[in-house]
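Chain by chain, the residues run as shown.
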Amino acid sequence: MYYVISIGSNIQPEQHVAAAVSALAKNFGSLYLYQRVYTQAQLVESNHVFINSVLVLNSTLAATELKTELCHIEESLGRDRSDPRRSVKDRSCDLDIICCQELWSETWKTELTESYIQQVFDPASKQAPIQLGCQLFSERPAAIYFQAETGDKFIVDQKPDALINWLETSFLRN
């Protein structure tokens, strides 16, 4: 199943987004990460700037099992999921499943209404650099390959069309 996941942080966002992406790559293998952008807080009582992005991963987990894994990552990065006001407070990490689909397509993009997610796909949005290990990436979407047996991460910045082709061929082989 292909899962489209939103990722956001406004507490040390460069570090927490990178840590969340690293944890997801370690747990799920290859990821497709759209551009990371700075956004203003919406529906959150904060003046801190967010970094938001969207990523795609392929997993055999059911959506409820994946959500449990996402919650564990949020908690490992300091999010208090027991706080009843967590949805309106600053957060170190927020991971949400936007949609899931058996066959890959980007039709889900047309259904997004949240402006912070729409900004991820807006070329005019301010890019947010993040770093995994010693590799910095920011300007374009990236394919992230994780070799769990060696602990190596490879980040490949490419033109979006090349990454879409990678998604279609790489994920379909799994």
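Right above here is the structure, for reference.
Residues numbered from 1 in each chain as written. Predicted model: local features only at pLDDT ≥ 70, side-chain atom pairs only at ≥ 80, totals over all residues. Heavy atoms only, no water.

(A) The arrangement of helix α1 (residues 13-28) in detail. Here α1 spans 22 Å end to end across 16 residues, near enough to the 22 Å set by a 1.5 Å rise per residue. For α1, the complete set of buried residues consists of Pro13, His16, Val17, Ala18, Ala20, Val21, Ser22, Leu24, Ala25 and Phe28. Looking one or two places after α1, you find glycine 29, whose phi comes out positive at around 85°. (Helix = DSSP H or I, 4+ residues; strand = E, 2+ residues; numbered from the N terminus. Expected span 1.5 Å × (residues − 1). Buried < 20%, exposed > 50% of the residue type's maximum accessible area, 1.4 Å probe, protein only.)

(B) Seen up close, the pairing of strand β1 (residues 2-9). Taken across its eight residues, β1 has eight buried, putting it largely inside the fold. On β1, burial covers both faces: Tyr2, Val4, Ser6 and Gly8 on one face and Tyr3, Ile5, Ile7 and Ser9 on the other are all buried. In this sheet, strand β4 (residues 50-58) lies alongside β1 in antiparallel orientation, the contact comprising eight bridges. Counterpart to valine 4 in the pairing with β4 is valine 56. Bridging between β1 and strand β5 (residues 94-101) involves seven bridges; their strand directions are antiparallel. Looking at β5, one finds that tyrosine 3 is bridged to cysteine 100. (Pairing = 2+ DSSP bridges.)

(C) Examining the side chain of glutamine 35 more closely. In this fold, glutamine 35 is placed in the loop between β2 (31-33) and β3 (37-39). Separated by 2.4 Å, the side chains of glutamine 35 and glutamine 127 make a polar contact. (Polar contact = N/O pair within 3.5 Å; in protein donor to acceptor, adjacent residues only side chain to side chain.)

(D) Fine view of helix α2 (residues 63-76). Here α2 spans 20 Å end to end across 14 residues, near enough to the 20 Å set by a 1.5 Å rise per residue. Turning to α2, its buried residues are Leu66, Leu70, Cys71, Ile73 and Glu74. Buried residues of α2, viewed axially, fall in a sector of 160°; they line one side. When the buried face of α2 is taken as reference, the exposed residues oriented beyond 90 degrees from it are Thr64 and Ser76. Elements in contact with the buried residues of α2: β1, α1, β4 and β5. (Arc of directions from axis to C-beta. Contact = heavy atoms within 4.5 Å.)

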